[in-house]
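Report on the structure
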Amino acid sequence: MKVLILSGGFRGGNTDCQCKSLSDYVKSQGLDVSYILLSELQIGHCRGCNVCSESGTCFLNDDMPSVFDLFSEADVVIFATPVRFNGPSSVIKTMIDRFQELWNNPEKVSHKKRFMCLLANSGSDNPDIRPMRTVFRSFCYSFGGEWVGDAISIGTDRTKDNVVGDAIKFWDEVYSAVTRES
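Reading guide: rules and limits
Residues numbered from 1 in each chain as written. Predicted model: local features only at pLDDT ≥ 70, side-chain atom pairs only at ≥ 80, totals over all residues. Heavy atoms only, no water. Axes fitted to C-alpha atoms, helices over the stretch in contact; angles between N-to-C directions. Helix = DSSP H or I, 4+ residues; strand = E, 2+ residues; numbered from the N terminus. Parallel < 35°, antiparallel > 145°, perpendicular 65-115°, else oblique. Left-handed = near helix turned anticlockwise from the far one by under 90°. Contact = heavy atoms within 4.5 Å. Nonpolar A, V, L, I, M, F, W, Y, C, P; charged D, E, K, R; others polar. Buried < 20%, exposed > 50% of the residue type's maximum accessible area, 1.4 Å probe, protein only. Polar contact = N/O pair within 3.5 Å; in protein donor to acceptor, adjacent residues only side chain to side chain.

Here the focus is the packing of helix α4 (residues 90-98) against helix α6 (residues 130-142). For any two helices packed against each other, one specifies the crossing angle of their axes together with the interaxial distance. α6 packs onto α4 with a crossing angle of 25° between their chain directions and a minimal axis gap of 12 Å. Put simply, α4 runs roughly parallel to α6. As α4 packs across α6, the resulting crossing turns out to be left-handed. Taken together, the residues of α6 that come into contact with α4 (itself represented by Ile92, Lys93 and Ile96) are Val135, Phe136 and Phe139. Per-class residue counts for the contact of α4 with α6 are five nonpolar, no polar and one charged.

For the rest of this paragraph, the subject is the side chain of Ser7. You can see Ser7 is positioned in strand β1 (residues 2-7). Ser7 sits in the buried class, given a relative accessible area of 0%. A polar contact of 3.2 Å, which involves the side chain of Ser7, links it to the backbone nitrogen of Gly9. What Ser7 contacts, discounting residues up to four positions off in sequence, is Thr15, Cys19, Tyr35, Ile36, Leu37, Leu38, Ser39 and Ala80.

The subject of this paragraph is the side chain of Arg98. Checked against the element boundaries, Arg98 lands in helix α4. Not counting the four nearest positions on each side in its chain, Arg98 is found in contact with Ile43, Gly44, His45, Cys46, Cys58, Leu60, Asp62, Met64 and Phe68.

The following block contains the structure:
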């Protein structure tokens, strides 16, 4: 099983800490894991020019092709992001928008069964993640994926005690769901 963790956080932040620990835990189970900290890649903004629908490729010369390759190979995709005004970080949203190239060229992505989920964390004690959940579920269904859930660590401005534990507990639930469905 190939697992792809796409993080919209920044190096050393709560999301990065959560994802690194999660990646190590999943690897310890003998699974193939790729952890991508999107803030360290060069990813330009989609301009809606539709060059990709005409030529088959985006005109931007950046790191998105490597993300596309990992996505296409993945059996499980975990989106991880800090909560920003009840939505995802701009880093991960920029990446999602760039998937327009694959939307316009569906032959460029494998259409195998792919499971997707969301891992978020919020400094606030009472975030509303429904808007963010809608973004990621819509992405999942756009690429024929199966949504397996979401989890959020809250109050991370106050305490970081459960950030790693929450991620590992969530993975155990995701893994159980995926293996039941496969």
